[in-house]
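Here's the letter readout for the chains.
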Amino acid sequence: RRMSWQSYVDQSLVGTGHVSMAGIFGKDGSTWCISPGFNISASEVTAIIGGFTNPGPLNMSGFHVGGTKYRTLKADDRSIYGRAGNTGIVAAACSQCVVISFYGDSIQPGQCTNTTEKLADYLRENGY
């Protein structure tokens, strides 16, 4: 039996201690589930989703989450990584959804990346 979408965020991402806040969003920009306090707007989600097919704008000018500008470290058809100071964003595309994680300054970027990509791999394998 599949976990609820919220439990993927609560247990598989935030519950690991390697992700501060996260959300899972449909490819249409709809919110499937989100951590309390993760202030990412619909237009910010849409911009990240667009970056998976056209990374040029993200690579040139970065992207925003919660009004904070992130410098793009990587943007391709599967993963988008951004950094602002000691915090960052890891976004991973699946076939039907996108996992977007935020890490605060107490979390190692690599830990957040591995945790987020691991869940995205699982979702891809299961058709999401």
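Residues numbered from 1 in each chain as written. Predicted model: local features only at pLDDT ≥ 70, side-chain atom pairs only at ≥ 80, totals over all residues. Heavy atoms only, no water.

Visitor: Sorry if this is basic, but what is going on with the overall build of the chain here?
Guide: When you go through the chain residue by residue, the secondary structure sums to 4 helices and 7 strands. Mapped from its N terminus to its C terminus, the chain presents α and β elements in the order α-β-β-α-α-β-β-β-β-β-α. In terms of overall dimensions, the chain is globule-like: its C-alpha atoms have a radius of gyration of 13 Å, near the 14 Å expected for 128 residues. Taken along the three principal axes of its C-alpha coordinates, the chain extends 45 × 30 × 20 Å. Each of the 128 residues in the chain was classed as buried or not, and the buried ones make up 48%. The contacts in the chain between residues at least 6 apart in sequence include a share of 47% that link residues at least 24 apart. Element-wise, carbon and sulfur atoms account for 49% of the exposed surface of the chain, whose accessible area totals about 6,200 Å². (Helix = DSSP H or I, 4+ residues; strand = E, 2+ residues; numbered from the N terminus. Rg over C-alpha atoms; globule rule 2.2 N^0.38 Å. Buried < 20%, exposed > 50% of the residue type's maximum accessible area, 1.4 Å probe, protein only. Contact = heavy atoms within 4.5 Å. Areas by Shrake-Rupley, 256 points an atom, 1.4 Å probe, with all protein chains shown as cover.)

Visitor: What's the story with the pairing of strand β2 (residues 31-34) in this structure? I'm lost.
Guide: Consecutive side chains along a regular strand alternate between the two faces of the sheet. Pairing between strand β1 (residues 21-26) and β2: 3 bridges, direction antiparallel. Looking at β2, one finds that Phe 25 is bridged to Thr 31. Taking the residues between adjacent antiparallel strands as the criterion, β1 and β2 are bridged by 4 residues, where Gly 29 takes a positive phi near 95°. (Pairing = 2+ DSSP bridges.)

Visitor: Where do I start with the nonpolar core in this structure?
Guide: For soluble globular proteins, nonpolar side chains are generally found buried alongside one another. Grouped together as the largest cluster of nonpolar side chains are 21 residues, with contacts concentrated most on Ile 40, Ile 48, Phe 63, Val 65, Ile 80 and Ile 100. Put simply, the parts of the chain that give this core at least two residues each are β1, α2 (42-53), β3 (63-65), β4 (68-75), β5 (79-84), β6 (87-93) and β7 (97-103). The element contributing the most residues to this core is α2, with 4 residues. Judged by nonpolar contacts, the second largest core, of 20 residues, contains Trp 5, Ala 22, Ile 24 and Cys 97. (Core = buried A, V, L, I, M, F, W, Y, C linked by side-chain atoms within 4.5 Å.)

Visitor: How should the packing of helix α1 (residues 5-13) against helix α4 (residues 109-125) be read in this particular structure?
Guide: Put simply, α1 and α4 touch, their axes get as near as 10 Å, and they point 145° apart. Of the two possible hands of crossing, α1 and α4 adopt the one that is right-handed. On α4, the residues that touch Trp 5, Tyr 8, Ser 12 and Leu 13 of α1 are Thr 115, Thr 116, Leu 119, Tyr 122 and Leu 123. Classifying every residue of the contact of α1 with α4 gives 6 nonpolar, 3 polar and no charged. (Axes fitted to C-alpha atoms, helices over the stretch in contact; angles between N-to-C directions. Left-handed = near helix turned anticlockwise from the far one by under 90°. Nonpolar A, V, L, I, M, F, W, Y, C, P; charged D, E, K, R; others polar.)

Visitor: Would you mind going over the side chain of Glu 117 with me for this structure?
Guide: Along the chain, Glu 117 falls in helix α4. Of the polar contacts made by the side chain of Glu 117, one reaches the side chain of Ser 79; its length is 2.5 Å. Looking at Glu 117, its side chain comes within polar contact range of the side chain of Tyr 81, at 2.7 Å. Not counting the four nearest positions on each side in its chain, Glu 117 is found in contact with Ser 79, Tyr 81, Ala 92 and Arg 124. (Polar contact = N/O pair within 3.5 Å; in protein donor to acceptor, adjacent residues only side chain to side chain.)

Visitor: Is there a simple way to think about the sheet that holds β1 in this case?
Guide: Paired through backbone hydrogen bonds, the strands of a sheet run either parallel or antiparallel to each other. Read from one edge to the other, the open sheet built from 7 strands follows the order β2-β1-β7-β6-β5-β4-β3, with strand pairing classed as antiparallel. Looking at the sheet topology across the chains shown, the edges are occupied by β2 and β3. Averaged over all pairs of adjacent strands, the angle between their axes in this sheet comes to 25°, without regard to strand direction. Where α4 meets the sheet, it contacts β1, β5, β6 and β7, and its direction lies at approximately 165° from that of β7.

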